[in-house]
Structures are given as structure tokens and as C-alpha cells.
Amino acid sequence: MNYPQIPKSWNIESKPHKFCPGCGHGIALKALGMVIDELGIQDKTVFGVDIGCSLLAWDFFNVDTIQTHHGRTTPVITGIKRANPELITIAYMGDGGGYAIGSQHLVNAAARNEKITVILVNNTNYGMTGGQMAPTTLPGQKTETTPYGRDVDETGYPTLGPEMVAAIAREGAYVARGTVANLRQLKGFIKKAIENQMAGNGFSFVEVLSGCPTNWRTNAKETWDFIENTMTQYFKVGELKVPGKGE
């Protein structure tokens, strides 16, 4: 039987991801990979990954990739972009790397309106180190370090990252929050974020609501229920700042 020839330009190699079963990182990365392919930017993309679960994506794509120290992905990607503005630079991190140890870099990159794209995965805990409380842990949520639930009187409320970035960033920035529960929408947000960088408008930031069933100790049904119904009650999904819309 004669099969149609596949163009040599297509990258048809694939491999399973290294994340825990049910982890949302694979979905977030799939959305990013599809966007890179659609935009045809593989040869000029630099992908930076933070320490944490996100570092397992270091060899996920056939693009130039750099792994940074914990919380330092944003400034490293900023430096690469400033050194070579023609590149498309993407920083990929978790909520700990972006909102805790790396929060100062996120805030200042947004304030300077650096022309980079930051994708931050929010799974409400420190996943790789065993499920400790993170900046995004929800009120009352149990973790390894909050066995009786997060007490906001002692630890404060969860960080609302996109809202913070949208308030800091100037005109030209793009800010959104998506979820692995809606791949089509998430892919659209990531595509807009990268296109915003390509247009030279300004800082682009997408938070991704994701699951961590290993540390949440949830089955498939419970995991998706938490992502779709519990997380979205506090972390509102949608676009918060879009260039040209006066937001």
C-alpha cells in the first residue's frame, strides 16, 4: 500500500513526558509546542526552564533550551532577549519559582515591560519536593507543611499572579490565566502571548491552572473537579490585559 509522503520539514519524533501520571505540565507543554509549530518559530526560540517540576521539560522540545537556578529563569531569558532581540524567548516555571523565590524578577520584568514571554504553571503546591505549601496554596488546603489546612491569618492569602502583573505592566503587555481543563483556550492564550512578543509590544504572561494528583492525593475525578471547580473560584480564568483594548 502506498502511503502519502510526510514532508521532511515536519518534526514527527515524539516521546512520553517525565511528569507524574495525571500531571498538568504535559498538557501545558503540548499547548506550547503546538503554538511553536503553528508560528514556525522553532529555529529562533530559546526555552528557559526553572528548577522544580518544570525542569523536566529541558529536553522536551527540539529548540534551544537552558535550565536556570531556581527562580532565575525570568532574568536569564531577559538577558538572552536583550542580547539578541530577534529571538523568541520563553520562560517556563512553577508557582514557587515565579511567585516565591523569583517574584522580584517577575515584578521587575513586568515593570520594565521586557519583551519576553513567561508561562507559569500553578498547581497550588511545591510539587517536586513533596507537596509543601506554595504561594498559590488555597485557604484551608492541606499540604505537607499545612496538615490542618492553610491558615490565612498566619500565611496570608494565595498570590494572584496575573492580577499583580496586569497592575504593574504597562501598555503593550499581555496577561492571561488559562487552565489545562480547556486546552483550546489555553493554546489561544499562549499563542497571543508569543505573538505579542513577536510584535515587539511588551511583556507577555500566562498563568496555567494545573493539577498535581500525586501530592494532592486525588484520583482522576477528584483532580479534575479541583482544577475546574475549586481553583477557578479563586483564580479566575481569562484575559486580564490585552494590548489595544485599554486594559
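The structure presented is a predicted model; accordingly, all values stated were derived computationally and were not measured.

1. As for the nonpolar core
- Within the largest apolar cluster, 39 residues are counted, with the highest numbers of intra-cluster contacts made by Leu32, Phe47 and Ile190.
- A per-element tally of this core places helix H1 (residues 25-39) first, with 6 residues.
- In this structure Phe47 touches Leu29, Leu32, Ala57, Phe61, Val63, Asp64, Thr65, Ile66, Ile77, Ile90 and Tyr92, once residues within four positions along its chain are discounted.
- Listed in part, the 19 residues of the second largest apolar core include Val118, Val165, Ala173 and Phe205.

2. Brief notes about the confidence of the model for the protein chain
- Averaged over all residues, the pLDDT of the protein chain equals 92, while 94% of them reach at least 70.
- Contacts from residues 6-11, a stretch scored under 50 in pLDDT, to residues over four places away or in other chains number 3 contacts.

3. Quick notes on helix H2 (residues 73-83)
- Residues Thr73, Thr74, Ile77, Thr78 and Lys81 constitute the buried set of H2. All buried residues of H2 lie within an arc of 130 degrees about the axis, which places them on one face of the element. Opposite the buried face of H2, by more than 90 degrees, sit the exposed residues Arg82 and Ala83.
- Buried residues along H2 sit against strand S1 (45-49), strand S3 (88-94), helix H4 (103-112), strand S4 (117-122) and helix H7 (183-198).

Conventions used here
Once a new chain begins, its residue numbering starts again from 1 and follows that chain's sequence as written. Reporting in this predicted model follows two pLDDT cut-offs: at least 70 for local features of residues, and 80 or more for side-chain atom pairs to be given and counted; totals over whole chains, interfaces and linings ignore these cut-offs and use all residues. The basis for every side-chain value is the complete set of non-hydrogen atoms in the structure, without hydrogens or water. Within this scheme, the nonpolar core is defined by two criteria: the residues are buried Ala, Val, Leu, Ile, Met, Phe, Trp, Tyr or Cys, and they are joined through side-chain atoms within 4.5 Å. Buried means the residue's accessible area, taken with a 1.4 Å probe over protein chains only, is under 20% of the maximum for its type, while exposed means over 50%, and partly exposed covers the values in between. For the purposes of this entry, the term helix denotes a DSSP run of H or I that reaches at least four residues, the term strand denotes a run of E that reaches at least two, and both are numbered from the N terminus. Between two residues, a contact is recorded if the distance between any of their heavy atoms is within 4.5 Å. Within a predicted model, pLDDT stands for the predictor's per-residue confidence, ranging from 0 to 100. Working definition: the arc comes from the directions between the helix axis and the C-beta atoms, pointing outward to the latter.

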